Amino acid sequence: HLRGSHLLRQIRDRIDAIDDDYRAICSLCPEFPAVASRDDFRWARMIVCSRNFGLLVDGRRTSALVPHADMLNHRRPRETKWTFDDETQCFTITTLRGMEAGEQVYDSYGQ
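Each value, and the rule that gives it
Residues numbered from 1 in each chain as written. Predicted model: local features only at pLDDT ≥ 70, side-chain atom pairs only at ≥ 80, totals over all residues. Heavy atoms only, no water. Core = buried A, V, L, I, M, F, W, Y, C linked by side-chain atoms within 4.5 Å. Buried < 20%, exposed > 50% of the residue type's maximum accessible area, 1.4 Å probe, protein only. Helix = DSSP H or I, 4+ residues; strand = E, 2+ residues; numbered from the N terminus. Contact = heavy atoms within 4.5 Å. Pairing = 2+ DSSP bridges. Lys, Arg positive; Asp, Glu negative; His and termini not counted. Salt bridge = Lys/Arg side-chain N within 4 Å of Asp/Glu carboxyl O. Polar contact = N/O pair within 3.5 Å; in protein donor to acceptor, adjacent residues only side chain to side chain. Axes fitted to C-alpha atoms, helices over the stretch in contact; angles between N-to-C directions. Parallel < 35°, antiparallel > 145°, perpendicular 65-115°, else oblique. Left-handed = near helix turned anticlockwise from the far one by under 90°. Nonpolar A, V, L, I, M, F, W, Y, C, P; charged D, E, K, R; others polar. Patch = residues over 30% accessible without salt bridge, like charges linked within 9 Å, V, L, I, M, F, W, Y side chains within 5 Å. Areas by Shrake-Rupley, 256 points an atom, 1.4 Å probe, with all protein chains shown as cover. Charge placed at Lys NZ, Arg CZ, Asp CG, Glu CD.

> Explain the nonpolar core here, please?
Formed by Ile18, Tyr22, Cys26, Phe32, Ala36 and Phe41, the largest nonpolar core amounts to six residues. With three residues, the single largest contributor to this core is helix H1 (residues 6-28). Among residues more than four places away in sequence, those in contact with Cys26 are Phe32 and Pro33. Ranked by size, the runner-up nonpolar core spans five residues in total, among them Phe53, Leu55, Val66 and Ala69.

This is the structure:
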């Protein structure tokens, strides 16, 4: 069903990049394959990549795993924005519209 889709190339490129990272780690840490196989590494990388949030922390771009925040369901257009508050050192999700008590909060997974 994906034949001819640009997604196949993107998937292949992502797998190649992850495999390059695995080889680089193994070259720096020869005992790494005993800790994680290439397939284990691919799985772990994709878990992190599919659940991280891009943030600006102390003026620097970074990514973070935010437990529970990655459980919000998707909706477009987006109904929330998320930021990191440097003063309180907290990840915050803010709704972009008024919400009723008990109403489900949605996030956007991107484009």
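> Can you help me understand the environment of Thr94 in this one?
Position of Thr94 among the secondary structure elements: in strand E5 (residues 90-95). For Thr94, a relative accessible area of 36% puts it in the partly exposed group. Spatially, the C-alpha atoms of Thr94 and Phe32 are 40 Å apart, while their sequence positions differ by 62 residues. Here Thr94 is in contact with Glu79, Thr80 and Lys81, once residues within four sequence places are set aside.

> Explanation requested: the pairing of strand E2 (residues 60-65) in the structure shown.
Note on strand geometry: in a regular strand, side chains alternate between the two faces of the sheet. For E2, a buried count of zero out of six residues is recorded, marking the element as mostly open to its surroundings. One ladder, built from six bridges, connects strand E1 (residues 52-57) with E2; its direction is antiparallel. Looking at the pairing, Gly54 lines up with Ser63 of E2. If you look at the hairpin formed by E1 and E2, you'll find two residues sitting between the two strands, and Asp58 has a positive phi there, around 50°.

> So what exactly am I meant to see when it comes to the side chain of Asp107 here?
When you line up the elements, Asp107 lands in strand E6 (residues 106-107). No salt bridge is formed by the buried Asp107; its nearest oppositely charged neighbour, Arg78, is found at 6.6 Å. Within the structure, the side chain of Asp107 is placed 3.0 Å from the side chain of Thr80, a separation counted as a polar contact. If sequence neighbours within four positions are ignored, Asp107 has contacts with Phe53, Leu72, Asn73, His74, Arg75, Thr80 and Trp82.

> What should I look at first to understand the packing of H1 against helix H3 (residues 38-51) in this one?
Two numbers describe a pair of packed helices, the interaxial angle and the distance between the axes. Look at H1 against H3: their axes get within 10 Å of each other, and the N-to-C directions meet at 120°. Accordingly, the angle class assigned to the pair H1 and H3 is oblique. Regarding H1 and H3, the two cross each other, and that crossing is right-handed. Contacts between H1 and H3 involve Arg14, Ile15, Ile18, Asp19, Asp21, Tyr22 and Ile25 from the former and Arg38, Phe41, Arg42, Arg45, Met46 and Cys49 from the latter. Among the residues forming the contact of H1 with H3, the class breakdown is seven nonpolar, no polar and six charged.

> Which parts of the structure should I look at to understand a negative patch on the surface?
Taken together, the side chains of Asp58, Asp85, Asp86 and Glu87 define an acidic patch exposed on the protein surface. Within the secondary structure, Asp86 is located in the loop between strand E4 (80-85) and E5. Since its relative accessible area comes to 34%, Asp86 is described here as partly exposed.

> Help me out: how do you make sense of a nonpolar patch on the surface in this one?
On the surface, a nonpolar cluster with roughly 320 Å² of combined accessible area is contributed by Leu2, Leu7, Leu8 and Ile11. Tracing the backbone shows Leu2 in the segment before H1. Its relative accessible area of 38% is what places Leu2 among the partly exposed residues.

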